[in-house]
Amino acid sequence: MVGLSAPARADDLGRELCRALSGAVERTAPDGDPVFLASYEPGPNEKSVPLPLRSTAFSYDNALAATALAACGDLRRARQIGEAFLAAIESDRTFEDGRIRNAYRAGPVRERPVLLPGWWDSANNRWSEDRYQDGTATGNVAWVGLALLNLRDATQDPRFEEAASRLAAWIRTRTARHDAPGFTGGLDGYDPDQAPLGWASTEHNLDIVALGMRLGKADDRAMAGSARAFLDAAFDGQAGCFRMGTDAEGRMRGVEAIALDTQLWPLLGVADPPDAWRRALSCATARLRVPGGFDFNDDRDGLWVEGTAQAALTYRSVRDEAAAEALLQTLAGQRAPSGWLYASREARLTTGLRIGPTSTQDDFFYFRRPHLGATAWAALAALGHNPFTGGRVR
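Here is a short report on the structure shown in this document. None of the values given here were measured: they were computed from a predicted structure.

## Observations concerning the nonpolar core
Counting residues in hydrophobic clusters, the biggest one holds 118 residues, and the most contacted among them are L148 and W377. Filtering out sequence-adjacent residues up to four positions away, W377 remains in contact with Y60, L64, W143, W265, E306, A309, Q310, L313, P387 and F388.

## A closer look at the packing of aromatic side chains
Under the criterion given, the structure shown has 18 aromatic pairs. Ring geometry for W143 and W377: centres 6.0 Å apart, planes at 80°, overall edge-to-face. With W143 in helix α6 (residues 138-155) and W377 in helix α14 (residues 372-383), this pair connects stretches of sequence that are 234 residues apart. The burial state of W143 is the same as that of W377; both residues are buried. Taking 6.2 Å as the distance between ring centres and 70° as the angle between the ring planes, the aromatic pair formed by F296 and F364 counts as edge-to-face. Here F364 lies in the loop between β15 (348-350) and β16 (365-367) and F296 lies in the loop between β13 (293-294) and α12 (305-317), a separation of 68 residues in the sequence. On the basis of relative accessibility, which here comes to 25%, the residue F364 falls in the partly exposed class. Pairwise contacts between aromatic rings join Y60, W143, W265, W377 and F388 into one cluster.

## Concerning the packing of α6 against helix α7 (residues 158-175)
Each pair of packed helices can be described by the angle between their axes along with the distance between the axes. Following both chains from N to C, one finds α6 and α7 inclined at 160°, their axes separated by 8 Å at the closest point. Between α6 and α7, the angle is such that the two are roughly antiparallel. Note on packing geometry: the crossing formed by α6 with α7 is left-handed. Residue-level inspection shows T138, V141, A142, V144, G145, L148, L149, L151, R152 and T155 of α6 in contact with α7, the latter providing F160, E161, A163, A164, L167, W170, I171 and T175.

## Quick word on helix α8 (residues 202-215)
Under the 1.5 Å per step criterion, the end-to-end length of α8 is 20 Å for 14 residues, consistent within 8% with the ideal 20 Å. Counted residue by residue, α8 has 12 buried out of 14 residues, so it is predominantly covered. Among the residues of α8, those classed as buried are T202, H204, N205, L206, D207, I208, V209, A210, L211, G212, R214 and L215. In this fold, the buried residues of α8 make contact with β7 (136-137), α6, α7, α9 (218-234), β11 (241-242) and α10 (260-269). For α8, the side-chain oxygen to backbone nitrogen distance between the N-cap and E203 is 3.1 Å, and the N-cap itself is S201. Count one or two residues on from α8 and you reach G216, which has phi positive near 85°.

## Let's talk about the state of the cysteines
Joining two cysteines, a disulfide is a covalent bond between their sulfur atoms. All told, the structure shown has 2 disulfides when counted by the stated rule. Residue pairing for C18: its cysteine sulfur links by disulfide to C72, the two sulfurs lying 1.9 Å apart. Taking the sign of the torsion about the S-S bond as the criterion, the disulfide between C18 and C72, at about -85°, is left-handed. Note that C18 is positioned in helix α1 (residues 6-28) and C72 in helix α3 (residues 59-72), a separation of 54 residues in sequence. Shown here is the disulfide that connects C241 with C283, its sulfur atoms set 2.1 Å apart. In this structure, the disulfide formed by C241 and C283 twists by about 105° around the S-S bond and is classed as right-handed. Of the two residues, C241 is situated in strand β11 and C283 in helix α11 (residues 279-288); the sequence distance between them amounts to 42 residues. C283 gets classed as buried once you look at its relative accessible area, which sits at 5%. Take the cysteines of the chain that form disulfides and number them in order along the sequence; they join up as 1-2, 3-4.

## Let's talk about the sheet that holds strand β8 (residues 186-188)
The strand order across the open sheet formed by 3 strands is β7-β8-β9, and the pairing between neighbours is antiparallel. The strands lining the two open edges of the sheet, one partner per strand, are β7 and β9 (195-197).

## Section: the pattern of salt bridges
This model, assessed by the stated rule, comprises 34 salt bridges. We note a salt bridge from D298 to R287, for which the minimum N-O separation is 2.8 Å. Here R287 lies in helix α11 and D298 lies in the loop between β13 and α12, a separation of 11 residues in the sequence. D298 gets classed as partly exposed once you look at its relative accessible area, which sits at 28%. Within the structure, one salt-bridge network assembled from shared partners comprises D92, R93, R101, E129, D134 and D191.

## Some details on the environment of V109
Among the structural elements, V109 can be located in the loop between β4 (107-108) and β5 (119-121). C-alpha of V109 to C-alpha of W377: the two residues are 268 residues apart in sequence and 24 Å apart in space. Every residue in contact with V109, bar those within four places of it in the chain, is listed here: P34, V35, F36, A84, A87 and V114.

## Digging into the environment of P370
Residue placement: P370 occurs in strand β17 (residues 370-371). Taking the relative accessible area as the measure of exposure, P370 reaches 2% and is therefore buried. If sequence neighbours within four positions are ignored, P370 has contacts with S39, Y40, E41, P42, G43, A336, S338, W340, L341 and Y342.

The rules behind each value
- Residues numbered from 1 in each chain as written.
- Predicted model: local features only at pLDDT ≥ 70, side-chain atom pairs only at ≥ 80, totals over all residues.
- Heavy atoms only, no water.
- Core = buried A, V, L, I, M, F, W, Y, C linked by side-chain atoms within 4.5 Å.
- Buried < 20%, exposed > 50% of the residue type's maximum accessible area, 1.4 Å probe, protein only.
- Contact = heavy atoms within 4.5 Å.
- Phe/Tyr/Trp six-rings, centres within 6.5 Å; stacked < 30°, edge-to-face > 60°.
- Helix = DSSP H or I, 4+ residues; strand = E, 2+ residues; numbered from the N terminus.
- Axes fitted to C-alpha atoms, helices over the stretch in contact; angles between N-to-C directions.
- Parallel < 35°, antiparallel > 145°, perpendicular 65-115°, else oblique.
- Left-handed = near helix turned anticlockwise from the far one by under 90°.
- Expected span 1.5 Å × (residues − 1).
- Polar contact = N/O pair within 3.5 Å; in protein donor to acceptor, adjacent residues only side chain to side chain.
- Disulfide = S-S within 2.5 Å.
- Pairing = 2+ DSSP bridges.
- Salt bridge = Lys/Arg side-chain N within 4 Å of Asp/Glu carboxyl O.

What follows is the structure, given as structure tokens:
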């Protein structure tokens, strides 16, 4: 890409990442079946992904991949993922309320009910599953809804909007905070006795704003209004940063610890965000910047590739192409042999978060493995395509 102008370099990277995403669908489901893509490939010096992730297709990653493929113009393969989500919503092994699980079993979707991920635990001679993967995070429901709306716009197939409306109804029914604006984190645990999560996430509520406004019916707009009120409360005007959300008791957290996506997404997902919110990009730069890009959190122990792609798209949305181009150059250097991008530049990246309520310490990490979500975000950034709105940022 030496000698090309910045827009040409971005377009070149976008084409390469589009090919990598299309190739993953083709390898996984060459006959055109509905499909969920595995979220991770083996990293350097790994023969395989660890067992708890080997068959795992996270819903968030696949929603991004469907949106990115549609932005790439590959509607056939984007639809394969969309059709898998339609099947999952209609055919859950336990519940009939139209929820989305946090993950499904990677591969062609041919069985009903749609299969969840898991692995054979030979030491204990039993089938094992991960409680987070079996659960339902509110933000993941909203992300799948947004992907379905992006497919509706690209294909004019009304089934995608109908399914997105059903997901929005699930959010309203199962996660609304009854004593305050906004929506809680979702459900955690194994079937059939999943427990509600009492905390509320700024990121999740931003996703809900975008979903509700795009659906546009009265109930949807009211849902978006409640989530937007949560965002207003989550913004710390003095610090110019967004808080991550509330604790399990509903108390809003401070800004002692912040996350990158929470600073960026409000600028992408809310139409005409308040001028004050634009300070969140400066907050991210001041507290989360590392050489070449951004960390997930402010311990600055490495580069989060997915978040760096999110930042590149955010810079493009505010017309700072020079800053975006520098980040896209970083992303171009993080490609694995398969064409996917690694999840992190370093061997392990901390987030300061816990996977679920049973965790006794911070145990949510990113590793240097090729990652579907990072690849999809980078494709969107290179193409200048906003997954919250379904349109271009410029």
